[in-house]
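# Chain and residue survey
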Amino acid sequence: MESCSVLEVDINGEETIFLNKQIICKYSGTLRKLLGKSTCSSSGNLKVIFNDFPGGAESFELLSRFCYNNCEWTVMPSNVVFLHCAAKFMEVNKVLVQTEKCMEEIRYWAWPEVLLGLKQCQVLESSEAESLAVKLMDALVEKLCLAIEASPSSAACSPSPDSSLFRFSCDSKSTESFKNSSSRITWWFDEVLVLSPCLVKTFLKLMVLRKFDNVTITRFLFYYQKVKFCSASSNEKREILETTIDTLYVLDRSCVPYKSLFGVLRLALGLNINKSGMNKLEVMIGQQLEQATLDNLLVPSPVKSSHLYYVNLVLRFAKAFLDGGKKGSQVKKVARLIDQYIAEVAPDPCLKPSKFLSLLTLVPDSARESHEDIYRAIDMYLEAHAGLTNGERLSLIRALSYEKLSVQSRAHMSRNTKFQETETLDDEQQHEQKQLILRVEKVETSGENEKLKEHIEGIQWRVMELERACLKMQTQMEVIKKRTKSNSRGSNRSLPKLCS
C-alpha cells in the first residue's frame, strides 16, 4: 500500500477509524476537499478529525460500509436517518439519492418505524435531523389520526372532561390505573413519551392543526406532565408546563377540566414560568370563573409579598371574566364568590386599603342583590386596620349601597363606632360626607308598608348620628386629635382571626 493511502479518521473524540483513502474519497466530496490540507501523521497515515459528526462513530461506520460496498446496501427505515445525515455531512451523493427515495415512502412505514426514526433524530444535532423530524412527525400524527378514526369505539371511549380520567398529577390514582381504564384510545401515550419536549411540542401542534379530538389531547397533556415530572429537573418541568399551557390555551374550553387548571396554576407559581404562559393560564381560569370555589381562589401570595393571599391574581381572574362579556346569572354567581373572598381576606393586617377597595368595586353593583356580606367584610377590615385615615375609611364606606342593606344592618351601622369615628375633615372630605347623607336620603319613599317606614327611620337615625359626629368634631377638635394619635401608637387590640 502506498504511503499515506490509509486514512485515519477521529470521530468526535469517540473512536478512531482507519479507512482506505481511495475508496472513501471516491464517494465523499467532503474528504476530497479536506485531504488537500491534511498531512501524514507520525505513523505515515493521513489524519482527519471531525468534532461535530452527526450520529458519532456509529453513523460514520454505517456510511463507510455503504462506501465499501459500492453504495449498494439497502436503505431502510431503521437506518435512513443516520445514513441521510451522515451522507449529507460527507457529501456522499449516491447514498443521499437512496435516503431521499426512502423518505418519500414514509407514509407506508409502520408506526414503530416512524417512532424509531424520531428517536434517532433526537440524538442528531443537525439541521438535517430537524428537517427529517418534521416529516416523520407529520407521518406519525397522520397514522395516529387514521388509527383513531378507524376505531369503532373511539367515540364511546371518550369521557367527559370532568371524569376521573382527568385527575391531575396530585391525585392518588396511579398511572397504571389511568392506562387500563382508557387503553382503547390511549395506547400511544407511553410510546410518545420517549420523545423530547421539543418534539412533543411539535407533535401537539400538528394534532391541533389536524383537529384531533380535543378531549384526547387534553388527557395526553396531563398524562405527559404527570409521568415526566417524576424525574424532570426544574428547567425541564418549566418547559413541560409551558407546553401544556400553550396547548390547552388553543383547545376548546369545554374539553379542559376546570379544576385541573388550578393544579397547573400551583405548579406554575412554584416554577416561575414565563409571563406569556402565566397570562394564558390566568385567562383560561378567569373566563370560567363562575365554576371556581372559594378554596380555588385562596392562593397564598408570592414569597416576597406581605399579603396572606394573592389578591392581585384574583383581580386578574375577575378582569378576564368580565372582559369575556358574560352576563346574568353567571355574573351574579361570580359576585357572590368575590364577596366570599373579600370576607376571607378582610382581616389580613397587611392588605392595603386601595387593594381592598379594588376588591369591593370589582364586580358591577347590579350583580349584587345584597350588600350584607360587603358590610360585614368592611367591618372586619376596619377592625383590623385601626390606623386608616378618614379619607381611606370614607372611600371604603362609600362602596356600600345603603339601599341593599337590611334594616338590621343599617341599625347596626348607626351604632358601629368604626363607621362613625372621624378626624377633622377638610373641605373636600366634608363634601364627601354630605354626599353620603344625600345618598341615603335618595332611597325611594313611595308606599306605606311597614318595611318602608322602618327603612326611613333607619335613614333618619343615620343622619342624626352624622350630625352629632360633626358637632363633636367642631367643639372638641384638639381632644380628638390627641386621642387618635394615642390610639394609633399604643393600641393593643388583637386582630381578628382570618376566616377558617
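This text gives an overview of the structure that appears in the document.

About the thresholds
The numbers attached to residues start from 1 for each chain and follow its sequence in the written order. Totals for whole chains, interfaces and linings use every residue, but because this is a predicted model, local features are given only for residues with pLDDT of at least 70 and side-chain atom pairs only at 80 or more, for both listing and counting. In computing side-chain values, all of the structure's heavy atoms are included and hydrogens and water are not. Pairing between strands is defined by DSSP: at least two bridges between the two strands are required. The secondary structure listing takes helices from DSSP runs of H or I that are at least 4 residues long and strands from runs of E that are at least 2 residues long, numbered from the N terminus. Here an angle of 0 to 180 degrees is reported between the N-to-C directions of two axes, which are lines fitted to C-alpha atoms, with helices fitted over the stretch in contact. Note on definitions: a residue-residue contact is assigned when non-hydrogen atoms from the two residues lie within 4.5 Å. Only buried residues count toward a nonpolar core. Its members are Ala, Val, Leu, Ile, Met, Phe, Trp, Tyr and Cys residues joined through side-chain atoms within 4.5 Å. When accessible area is computed with a 1.4 Å probe and restricted to protein chains, residues below 20% of their type maximum are described as buried, those above 50% as exposed, and intermediate ones as partly exposed. One less than the residue count of a helix, multiplied by 1.5 Å, gives the span that helix is expected to have. Only Phe, Tyr and Trp rings take part, Trp by its six-membered ring, and two of them pair if their centres are within 6.5 Å. Stacked means planes under 30 degrees apart, edge-to-face means over 60, and tilted covers everything else. Charge-over-ring placement is defined geometrically: NZ (Lys) or CZ (Arg) within 6 Å of the ring centre, and within 35 degrees of the ring normal.

Moving on, we come to the sheet that holds strand β3 (residues 46–50). Reading across the sheet, the three strands line up as β2-β1-β3 and stay open at both edges, with mixed pairing between neighbours. The open sheet has two edge strands with one neighbour each: β2 (15–20) and β3. Across this sheet, the average inter-strand angle for adjacent strands is 25°, counted without regard to direction. Bridge analysis of strand β1 (residues 6–11) against β3 gives five bridges, and the strand direction is parallel. Bridged to leucine 7 within β3 is leucine 46. Most of the contacts of helix α3 (residues 56–68) go to β2, to which it runs at about 10°, and overall it touches β1, β2 and β3.

In this structure, Trp188, Phe203, Phe220, Leu289, Tyr341 and Phe356 are the most contacted members of the largest nonpolar core, which totals 139 residues. Those residues within four positions of tyrosine 341 in sequence are excluded, and the remaining contacts are Leu294, Leu297, Leu298, Tyr309, Tyr310, Val311, Val314 and Leu359.

Another aspect to go through is helix α15 (residues 275–286). With twelve residues, α15 should reach 16 Å at 1.5 Å per residue; the first-to-last C-alpha distance of 16 Å fits that figure. Structurally, α15 contributes buried residues whose contacts are with α13 (234–250), α14 (258–271) and α17 (311–323).

Take the environment of lysine 327 next. Mapped onto the elements, lysine 327 comes out in the loop between α17 and α18 (329–345). For the pair lysine 327 and alanine 367, spaced 40 residues apart in sequence, the C-alpha separation works out to 9.0 Å.

We describe a pair of aromatic rings using the distance from one ring centre to the other and the angle between the two ring planes. The full count for this structure, using the stated rule, is 16 aromatic pairs. Centroid distance phenylalanine 50 to phenylalanine 53: 5.8 Å. Interplanar angle 45°. Geometry classified as tilted. Phenylalanine 50 gets classed as buried once you look at its relative accessible area, which sits at 5%. Where tryptophan 188 meets phenylalanine 212, the ring centres are 6.2 Å apart and the plane angle is 90°; that geometry is what we call edge-to-face. You can see tryptophan 188 sitting in the loop between α9 (183–186) and α10 (189–192) and its partner phenylalanine 212 sitting in the loop between α11 (197–209) and α12 (214–229), a full 24 residues away along the chain. Judged on exposure class, the residue tryptophan 188 and its partner phenylalanine 212 are both buried. These aromatic residues form a ring-pair network of at least three members: Trp188, Phe189, Phe203, Phe212, Phe220, Tyr223 and Tyr224. In this structure, arginine 253 is placed above the aromatic ring of tyrosine 249, and the distance from its NZ or CZ to the ring centre is 5.2 Å.

What follows covers the pairing of β1. In regular strands, side chains alternate between the two faces of the sheet. With respect to burial, β1 is a largely interior element, five of its six residues being buried. Strand direction decides the pairing type here: β1 and β2, joined by six bridges, are antiparallel. Residue pairing for β2: valine 6 is matched across the bridge by asparagine 20. What sits between the antiparallel neighbours β1 and β2 is a turn of three residues, in which asparagine 12 has the positive phi angle 55°.

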